[in-house]
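Understanding the architecture of this molecule
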Amino acid sequence: ANAMVNAETKGGYDKLDEDGGGGFVELTEKGGYHDHDSDDVIELEQERNMGNGHDVNNGDGEGRYGETLTADAAYTFEADTEIMAEINQEGLVQVDEAGGIQAFVAETIAIDGDAVGIIKSDAEVETEEKKKYTNYFCGAVFVLVVVIIAVAVPVTLKVAKGRQRTIVREITNDPTQVPSGMPSDVPSSMPSSTRFTQIVRKLTYLSGDALKVQGSPQYRAAMWIADDDPIQNIRTGETGLDLDDNGFEQRYVMALFYYAMDGNLWKQSQGWLGEDSVCEWFGIEGSSDGCPTGCIERSDYVGDYDKVCRIAMGKQNNLLGQLPSELSTLTEMRWFEIQRDYVFGTIPKSIGTSWTKVHTILLGDNFLYGGFPETFENNNILGTIFIDQNKFNSTFPNVVATMKNLEWLDAAENQFSGTMPPTITDLKSLRILNVNNNSMTGYLPDSWDENNLIEDFEVEDNNFKGKLPPSLAKARFLKDFRASRNQLSGEIPEEYYEWENLEELYLDGNDMVGELPQSAVPFYSGLQELSIHSNGFSGRFPVEHFEDTFRIKVLSLHQNQLTGFITPSICARRDSSRSYTQLVTLTADCGDDKIKCDCCTCYENGELIEDAGS
């Protein structure tokens with residue numbers, strides 16, 4: 001019968017079980033042995049086979065598991081009775097009386113036949129055991145390191161949660177991987193492989209390197225149009241316009257405007273970044289002169305598109321940011337409005353060159369500085385400009401004097417300096433000119449004529465000097481002339497008394513002198529507000545020309561050398577119950593040698609007297 005012998009690293013052999021099976025025998029240090037059943041042998045073979053693939057050759061060049069035998073492996077072999085007898089004859093193995101093999105320890109056993117068995121010495125066994133346990137230790141250390149990292153990273157992230165850091169990083173034209181470290185306000189999606197890169201290449205001529213700066217309005221707009229634009233693509237059935245679509249750049253520019261003006265905080269933003277055409281977005285849709293639907297329709301032209309001609313964001317819509325120069329591509333622009341918001345920076349020069357059809361620009365009450373672009377020179381369409389209540393700090397924009405059809409210029413409450421161009425009187429269509437509260441100097445223009453349509457001329461709170469321009473009297477439609485708090489001098493030109501339509505005259509706070517006309521000149525017939533206080537006017541105040549009119553609302557006469565008295569009929573109009581006919585303001589230097597008045601707000605030596613009347 002065949003015997004199963006296993007040469008184990010400590011030296012050992014197999015003996016036959018009582019039932020004829022091969023049991024594994026392991027020698028003990030005292031020369032005894034431990035008996036293991038066949039299941040242990042199977043388990044050991046499996047473990048070995050799963051290790052380095054060591055096995056005995058089966059005679060066909062392969063081991064029983066199809067693997068090559070290595071020289072230093074422990075293995076199992078079969079030996080028949082003839083081989084065992086031969087071993088006994090050579091004196092290598094002691095056989096007891098019953099024919100069994102006695103326990104032994106030997107370094108090597110040579111066997112004739114196809115198989116060779118090696119029983120290793122204790123030194124070799126100890127070396128291998130050390131090597132095995134070293135490998136086990138290294139493996140355990142590696143596992144422990146992995147566990148530590150797995151625990152430490154989430155803990156670190158949890159501790160760092162809540163801290164914000166903005167990383168500005170440039171990307172190349174061909175990004176090889178997704179950028180990291182995005183600011184919190186950047187769209188959640190990252191640049192998609194090729195489409196984002198193609199968009200950057202296409203729009204670089206327009207937006208330059210700003211497209212590559214993470215977090216910039218240009219970058220965010222390109223990201224949105226690359227990955228998040230929900231507009232339906234009619235050609236592909238998917239979302240997002242093709243790069244060669246005629247409306248692609250316009251849609252990008254409008255998305256850029258949204259991001260540049262902090263659109264997510266607008267009070268009204270209906271439709272913006274939605275699936276509809278930009279012509280349907282809030283502030284674009286609607287009607288304006290020359291732009292009835294928010295866009296100029298181009299449906300009759302094959303391959304063209306509807307072009308934005310109106311951006312009217314209204315007042316106090318919470319826009320914040322700088323106007324992007326890319327707005328210059330909107331060449332059909334007619335109406336542009338952002339008022340009482342937080343727009344800062346300068347007005348892009350490029351829009352002056354390209355907005356040749358714009359007729360209304362309303363940017364009042366923001367934080368713009370610099371000057372009004374000279375690139376608007378000779379624009380004969382522009383009719384209304386509101387740039388009041390900003391921080392403009394250049395010289396007065398002489399370019400406005402070249403706009404032949406300008407009707408309304410409001411540049412009040414800025415820091416404009418320099419002089420008013422004399423050629424501004426060439427603007428025959430100009431009806432309202434307001435430069436109040438600036439730092440302008442020089443003389444008021446004096447070449448007005450009958451063709452000037454000026455109705456409202458306001459230059460208060462500047463540093464204009466000299467006499468009032470006599471030619472202004474030829475502006476027969478003038479209703480409101482305000483020149484208070486300048487350095488004007490001289491008398492009121494006699495020509496002014498022929499104004500028939502004048503309603504408001506404010507000349508207070510200057511160095512003017514002279515007397516008011518005593519005769520019933522046209523000047524008095526329509527006058528509603530007269531403020532000449534804090535000058536050097538003298539003579540009798542012609543009260544009789546104000547008694548029979550219910551129009552007069554303001555008479556501010558104090559701090560002059562005027563004399564006379566205010567009649568009871570005029571005082572009766574101080575009654576608040578008179579509503580629209582009430583005389584709201586009536587001031588005078590009260591006294592016997594000045595103006596006698598029982599209902600005036602009185603001054604004495606320039607100081608207000610609390611108890612009016614004398």
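Refer to the structure presented above.
Residues numbered from 1 in each chain as written. Predicted model: local features only at pLDDT ≥ 70, side-chain atom pairs only at ≥ 80, totals over all residues. Heavy atoms only, no water.

Relative to the helices and strands, Ile-284 is located in the loop between helix 6 (248–260) and strand 8 (295–296). On the basis of relative accessible area, Ile-284 is assigned to the buried category, the value being 0%. Sequence separation of Ile-284 and Cys-295 is 11 residues, and the distance between their C-alpha atoms is 7.4 Å. Setting aside residues no more than four positions away along its own chain, Ile-284 makes contact with Met-254, Trp-272, Val-278, Cys-279, Thr-293, Gly-294, Cys-295, Val-308, Arg-310 and Ile-311. (Helix = DSSP H or I, 4+ residues; strand = E, 2+ residues; numbered from the N terminus. Buried < 20%, exposed > 50% of the residue type's maximum accessible area, 1.4 Å probe, protein only. Contact = heavy atoms within 4.5 Å.)

Sheet architecture is open: 7 strands sit in the order 20-22-24-26-28-30-32, paired in parallel fashion. Strands with a single pairing partner mark the edges of an open sheet, and in this sheet they are strand 20 (441–442) and strand 32 (595–596). In terms of strand pairing, strand 20 meets strand 22 (residues 463–466) through 2 bridges, oriented parallel. Looking at the pairing, Gly-442 lines up with Phe-464 of strand 22. (Pairing = 2+ DSSP bridges.)

Within helix 5 (residues 217–228), 9 of the 12 residues are buried, which leaves it mostly tucked inside the rest of the structure. Listed in full, the buried residues belonging to helix 5 are Gln-218, Tyr-219, Arg-220, Ala-221, Ala-222, Met-223, Trp-224, Ile-225 and Ala-226.

Most peptide bonds adopt trans geometry, and most residues besides glycine take a negative phi value. Positive phi outside glycine occurs at Gln-316, with the angle close to 55°. Turning to its location among the elements, Gln-316 is positioned in the loop between strand 10 (310–315) and strand 11 (320–322). With a relative accessible area of 46%, Gln-316 lands in the partly exposed category. Positive phi, close to 60°, is recorded for Gln-559, a residue that is not glycine. By the secondary structure assignment, Gln-559 is in the loop between strand 29 (554–556) and strand 30 (561–565).

Glancing now at the pairing of strand 15 (residues 367–370). Covered by surrounding structure in strand 15 are Leu-368 and Gly-370 only, the residues Phe-367 and Tyr-369 on the alternate face being uncovered. For strand 13 (residues 342–345) and strand 15, the ladder comprises 2 bridges, and the chain directions are parallel. Bridging across to strand 15, Phe-344 finds its partner in Phe-367. Of the pairings in the sheet, the one linking strand 15 to strand 17 (residues 391–392) comprises 2 bridges and is parallel in character. Within strand 17, the residue paired with Tyr-369 across the bridge is Lys-391.

Moving on, we come to the packing of aromatic side chains. On inspection of all chains with the given rule, the structure shows 23 aromatic pairs. Both rings, one in Tyr-258 and one in Trp-266, keep their centres 5.2 Å apart while their planes meet at 65°; by these two values the pair is edge-to-face. A single burial state applies to Tyr-258 and to Trp-266, both of which are buried. Considering the side-chain rings of Trp-266 and Trp-272, the 5.1 Å spacing of their centres and the 90° angle between planes classify their relative orientation as edge-to-face. Residue Trp-272 is classed as buried on the basis of its relative accessible area, which comes to 8%. Taken together through their ring pairs, the aromatic side chains of Phe-257, Tyr-258, Tyr-259, Trp-266, Trp-272 and Trp-281 make up a single cluster. Taking the ring centre of Tyr-506 as reference, the NZ or CZ of Arg-482 above it sits at 4.2 Å. (Phe/Tyr/Trp six-rings, centres within 6.5 Å; stacked < 30°, edge-to-face > 60°. Lys NZ or Arg CZ within 6 Å of the ring centre and 35° of its normal.)

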